[in-house]
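Residues per chain are reported as follows:
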Amino acid sequence: MSNGQNETGRREMTGAEMVVQALKDNGVKHLFGYPGGAVLPIYDEIFQQDDVEHILVRHEQGAGHAAEGYARSTGKAGVMLVTSGPGATNAVTPLQDALMDSIPLVCITGQVPTTLIGSDAFQECDTVGITRPCTKHNWLVKDVNELAKTLHEAFHVATTGRPGPVVVDIPKDVQFARGIYTPPQTAPRTSYHPQVQGDLDRIKEAVALLANAKRPIIYSGGGVINSGLEASQLLRELVELSGFPITSTLMGLGAYPASGKNWLGMLGMHGTYEANMAMHDCDVMLCIGARFDDRITGRLDAFSPGSKKIHIDIDPSSINKNVRVDIPIIGDVAHVLEDLVRLWRATVKADKKALYPWWEQIAKWRARDSLAFKTNDEVIMPQYAIERLYELTKHRDPYITTEVGQHQMWAAQHFHFEKPHHWMTSGGLGTMGYGLPAALGVQIAHPDALVIDIAGDASIQMCIQEMSAAVQFDAPIKIFILNNQYMGMVRQWQQLLHGNRLSHSYTEAMPDFVKLAEAYGAHGIRCDKPADLDDAINEMISVKKPVIFDCRVATLANCFPMIPSGKAHNEMLLPDEATDEAVANAIDAKGRELV
Amino acid sequence: MNAQLQATGSAYFISKETQRPEIHTLSVLVDNEPGVLARVIGLFSGRGYNIESLTVSETEHEKHLSRITIVTSGTPHVLEQIKHQLERIVPVHRVVDLAVRAAELGQDRPLERELALVKVAGTGDARVEALRLADAFRAKVIDANTEHFIFEITGKVSKIEQFIAIMKPLGLVEICRTGVAAMNRGPQGM
């Protein structure tokens, strides 16, 4: 924007007014927050307007995860507002969570007045210092005339390139000070210019390599979701054109529909046998918007040993970080796929017959039925609960969030996702307590949708306080707890690694979740018989307010299949082979040191 | 992941990891704004990379640009990661691995110089010897009384190391070093 006279939008106002104005100008409709001394001027401005709705959470961590859920389900930035000191430190977990899962999250923090900074004032902390490693970028604004520009830049940085969390720390005196507000401008800073368009020569090379592949596989990730609906559409086109099998990371579920005929299921530590075996034995791997995380690769030196690898990612530091690739393509997934699909159409005569032997091999792996489990008439198997939940809700196109643990993996395995932006889970950081506030955020963004948090009995208690927020804001989220009385994944690892000594993984005093729901003014349901499950789930869906569903499941079920630590993709532990002895000996001394 | 642990035998191609750690000098052009140095240093400590030497100063006042010179060590794979990780930092404009650039330009090594202030106290023969050696090293005397000298010496790191080692038995009191300043030969900028 030029600095000439007579521009629209430039006017004098207080810093606090600027915050609200900048939110409006950046298209923000909702923000999640918790007031406190150092943000009172901003709250006073929020009080005096109706354009931006504030959702009052019960803990700042909840605000962050709610904003993450909001962002993940809409593709827009999530916004949180917290006070200085403990408000900011409580935001650290969701900031790191958003950093690892590439979620656009704008966090505005209050700070003690500039004159008090460094004096150990009440509720002072070094917010930019603490959040520097857990944000994409952060700012301390000491001059009110820099505030508007900084806020716009914050939205720009959070939402472009590889998305991520940002923090804008605003001292209280800056909120009161008057200055000139400037509206958003494009390209606000010269040092930041993510590469969006992929190198065409590299894409041509990739097409040539893919066209001649005998045993190809597409491995897609959260980057496809982040790149927008168009990216998912292009991915589907590419799969259709090429006839290639496709698998996805936890974060990428829904980009390709689970009902699609080329779908192999999720890959990785708790992925399907066919997906992992296909990754191991493929000759060409096309990685789209994923980052070769350790949960995906298993043992690195035995990861897909015979394949040529193509990697599309917007972040150059993701390329060759864990796994060396042959053709790196830096760029936004949608942009690169657009070129790739266009070139494929123009140059490749698809010979899908050439892939028959590969698909036959995959069919053999698939026949192992690695997600199979034994149902039981007496107790609800957790996998069965997810299956029924899926069958009874799929017509509602539900949004699913999860906490972290066994239930999360069962949800990923047995709930089938047809669309992007419908699956919100904490992948990189593995944050217990994510699911409930995330569900709140999703419900605020989609008030008429069915939003379900598939939870565990341990995780749910980490941010249970947000039930109160859900009730206050009429957000009819459904908390579906697979209650096995254990921190199931911790226990599973203790069985695998520590001689079945179950150190502190059993919750001896569990709250009565039905009464807890009622205490919050929500609706409680308990079910412990497989025969009653369908009716109970239907009741949950029909209730028009928040529900806590205490689904009592088999206490000792474990999550399989599994690639034990230190093992390769072709060394999976399958459910029918997972005897006590196999479990006890699955991981050797070296693997024990890994996480 | 710790960079040092990364370069083990995890080969994706059949051959083993044969890369050895190398010492490279990186030039990093950044916006001179609060916290920018902390971002760069935090990246190194947070990801387990080494810093052997670090020099920073504003070099283009009108654009508020600072140039950070970092001497670091790692396998070529790790050095490439360091470069990409630095480039992710929002106020970072450019990162140039001077050793890689030198190779591209067909040169042996980048130019690297360091300045040190070396205080030596003593009388008699030791004092005379210190002054004589300083002269041989082209170190300047910038402060002196009858009991001490402060030498200013500029040159390659190895020369400064050697000078300090020689001064040790001659009454070395304290040393201050600037760290390495570096650029590539030839007419091109970074």
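Cut-offs and rules
- Residues numbered from 1 in each chain as written.
- Chains lettered and ligands numbered in written order.
- Predicted model: local features only at pLDDT ≥ 70, side-chain atom pairs only at ≥ 80, totals over all residues.
- Helix = DSSP H or I, 4+ residues; strand = E, 2+ residues; numbered from the N terminus.
- Buried ≥ 20, exposed ≤ 12 C-beta atoms within 10 Å, placed from the backbone.
- Contact = placed C-beta atoms within 7 Å.
- Pairing = 2+ DSSP bridges.
- Axes fitted to C-alpha atoms, helices over the stretch in contact; angles between N-to-C directions.
- Core = buried A, V, L, I, M, F, W, Y, C linked by C-beta atoms within 7 Å.
- Nonpolar A, V, L, I, M, F, W, Y, C, P; charged D, E, K, R; others polar.
- Arc of directions from axis to C-beta.
- Parallel < 35°, antiparallel > 145°, perpendicular 65-115°, else oblique.
- Left-handed = near helix turned anticlockwise from the far one by under 90°.
- Domains from an automatic or database assignment.
- pLDDT = per-residue confidence, 0-100.

1. What to know about the overall build of chain B
And step 1. A tally of regular secondary structure across chain B gives 6 helices and 9 strands.
And step 2. In terms of overall dimensions, chain B has C-alpha extents of about 65 × 45 × 35 Å along its principal axes.
And step 3. Counting all 190 residues of chain B, 28% fall into the buried class.
And step 4. Once local pairs closer than 6 in sequence are excluded, the contacts in chain B between residues at least 24 apart make up 71%.

2. As for helix H5 (residues 92–101) of chain A
All names here are of chain A.
And step 1. Most of H5 sits out of view: 9 of its 10 residues are buried.
And step 2. All of the buried residues in H5 are Val92, Thr93, Pro94, Leu95, Asp97, Ala98, Leu99, Met100 and Asp101.
And step 3. In this fold, the buried residues of H5 make contact with helix H3 (60–74), helix H4 (86–90), strand S5 (105–111), helix H6 (127–131), strand S7 (165–171) and helix H10 (222–226).

3. Digging into the sheet that holds strand S14 (residues 327–330) of chain A
Two modes of strand pairing occur in sheets, parallel and antiparallel, and in both the strands are linked by backbone hydrogen bonds.
Residue and element names in this part refer to chain A.
And step 1. Pairing is parallel in the open sheet, where 6 strands are placed in the order S11-S10-S9-S12-S13-S14. At either end of the open sheet lies a strand with only one pairing partner, and these are strand S11 (263–266) and S14. Averaged over neighbouring strand pairs, the angle between their axes works out to 15° when direction is ignored.
And step 2. Set on the sheet, helix H9 (residues 200–211) makes contact with strand S9 (216–220), strand S12 (284–288), strand S13 (308–313) and S14; between it and S14 the angle comes to about 135°.
And step 3. Packing of helix H12 (residues 273–281) onto the sheet brings it into contact with S9, strand S10 (246–248), S11 and S12, and relative to S11 it is tilted by some 105°.

4. Structural notes on the nonpolar core
And step 1. Counting 207 residues, the largest nonpolar core has Met80 and Leu105 of chain A as the members making the most contacts within it.
And step 2. Ranked by size, the runner-up nonpolar core spans 12 residues in total, among them Ala130, Ala134, Phe151 and Phe163 of chain B.

5. What to know about the sheet that holds strand S6 (residues 137–140) of chain A
Residues and elements named next belong to chain A.
And step 1. On the basis of which strands lie adjacent, the open sheet formed by 6 strands has the order S3-S2-S4-S5-S7-S6 and parallel pairing. Since the sheet does not close on itself, it has two edges, and those belong to strand S3 (53–56) and S6, each with one partner. The mean inter-strand angle of the sheet, taken between neighbouring strand axes irrespective of direction, is 20°.
And step 2. Across 7 bridges, the pairing between S5 and S7 is parallel. When the sheet's bridge partners are listed, Gln111 is paired in S7 with Pro171.

6. Re the interface of chain A and chain B
And step 1. Chain A puts 18 residues into the contact, and the matching count from chain B is 23 residues.
And step 2. For the side of chain A that touches chain B, a count of residues per class yields 9 nonpolar, 4 polar and 5 charged.

7. Looking at helix H22 (residues 533–542) of chain A
Residue and element names in this part refer to chain A.
And step 1. Looking at H22, one finds that the buried residues are Ala536, Ile537 and Met540. One side of H22 carries all its buried residues, which in axial view fall inside an arc of 100°. Those residues of H22 that are exposed and aimed more than 90 degrees away from the buried face are Asp535, Asn538 and Ser542.
And step 2. Residues of H22 that are buried in the fold lie against helix H16 (382–393), strand S18 (478–483), strand S19 (523–527) and strand S20 (547–552).

8. Description of the packing of H3 of chain A against helix H18 (residues 435–445) of chain A
Residues and elements named next belong to chain A.
And step 1. As a packed pair, H3 and H18 sit with axes 6 Å apart at the nearest point and diverge in direction by 50°. One way to sum up the angle between H3 and H18 is to call them oblique. Remark: the crossing between H3 and H18 carries right-handed chirality. From H3, Gly62, His65, Ala66, Ala67, Glu68, Gly69, Tyr70, Ser73 and Thr74 reach across to H18, where they touch Pro437, Ala438, Ala439, Leu440, Gly441, Val442, Ile444 and Ala445.

9. Here's the deal with the domain arrangement of chain B
Residues and elements named next belong to chain B.
And step 1. Domain boundaries assigned for chain B yield domain 1 (3–104) and domain 2 (111–182).
And step 2. Between the C-alpha centres of domain 1 and domain 2 there is a distance of 30 Å.
And step 3. Each partner contributes residues to the interface: domain 1 has 8 residues there, and domain 2 has 6 residues.
And step 4. Elements with a contribution of two residues or more to the side of domain 1 that touches domain 2: strand S1 (22–31), strand S2 (53–60) and strand S3 (65–74).
And step 5. The element contributing the most residues to the side of domain 1 that touches domain 2 is S2, with 3 residues.
And step 6. Classifying every residue of the side of domain 1 that touches domain 2 gives 3 nonpolar, 5 polar and no charged.

10. Focus on the environment of Thr150 of chain A
Residues and elements named next belong to chain A.
And step 1. In this structure, Thr150 sits in helix H7 (residues 144–159).
And step 2. The class of Thr150 is partly exposed, set by 19 C-beta atoms lying within 10 Å.
And step 3. Note: C-alpha distance between Thr150 and Gln21 (129 residues apart in sequence) is 13 Å.
And step 4. Ignoring any residue separated from it by four or fewer positions in sequence, one finds Thr150 in contact with Trp139, Val141 and Val168.

11. Describing unusual backbone geometry
Residue and element names in this part refer to chain A.
And step 1. Cis geometry is adopted by the peptide bond preceding Pro561, which originates at Phe560 and carries an omega value of 0°.
And step 2. With respect to the secondary-structure elements, Pro561 resides in the loop between S20 and helix H23 (580–584).
And step 3. At Gln123, a position not held by glycine, the phi torsion is positive, near 55°.
And step 4. In this fold, Gln123 is placed in the loop between S5 and H6.

12. Observations concerning the pairing of S18 of chain A
All names here are of chain A.
And step 1. S18 sits mainly inside the fold: 6 of its 6 residues count as buried.
And step 2. On S18, burial covers both faces: Lys478, Phe480 and Leu482 on one face and Ile479, Ile481 and Asn483 on the other are all buried.
And step 3. Bridge count for strand S17 (residues 451–456) against S18 is 5 bridges, and the pairing is parallel. Opposite Asp453, over in S18, you have Ile479 as the bridge partner.

13. Considerations on the domain arrangement of chain A
All names here are of chain A.
And step 1. Taken as a whole, chain A is organised into domain 1 (11–181), domain 2 (200–366) and domain 3 (382–552).
And step 2. Summarising the inter-unit geometry, the C-alpha centres of domain 2 and domain 3 are found 31 Å apart.
And step 3. Facing 14 residues of domain 2, the contacting portion of domain 3 comprises 13 residues.
And step 4. Mapped onto the side of domain 2 that touches domain 3, the elements with two or more residues apiece are H10 and helix H11 (229–242).
And step 5. Here the residues of the side of domain 2 that touches domain 3 sort into 9 nonpolar, 5 polar and no charged.

14. Here we look at the confidence of the model for chain A
And step 1. In this model, chain A carries a mean pLDDT of 95, and residues with pLDDT of at least 70 account for 98%.
And step 2. Below pLDDT 50 for its whole length, residues 1–6 of chain A participates in 3 contacts with residues either more than four positions away or in separate chains.

15. Some thoughts on the environment of Glu391 of chain A
And step 1. Residue position: Glu391 of chain A is located in helix H16.
And step 2. Taking the C-alpha atoms as reference, Glu391 of chain A lies 9.5 Å from His416 of chain A; in sequence the two are 25 residues apart.

16. Re the pairing of strand S7 (residues 148–155) of chain B
Residues and elements named next belong to chain B.
And step 1. Inspection of the sheet shows strand S5 (residues 111–121) paired to S7 by 8 bridges, in the antiparallel sense. Note on S7: the bridge partner recorded for Ala121 is His148.
And step 2. Relative to S7, strand S6 (residues 140–145) runs antiparallel, the two sharing 5 bridges. Pairing of Val141 across the sheet is with Phe151, part of S7.

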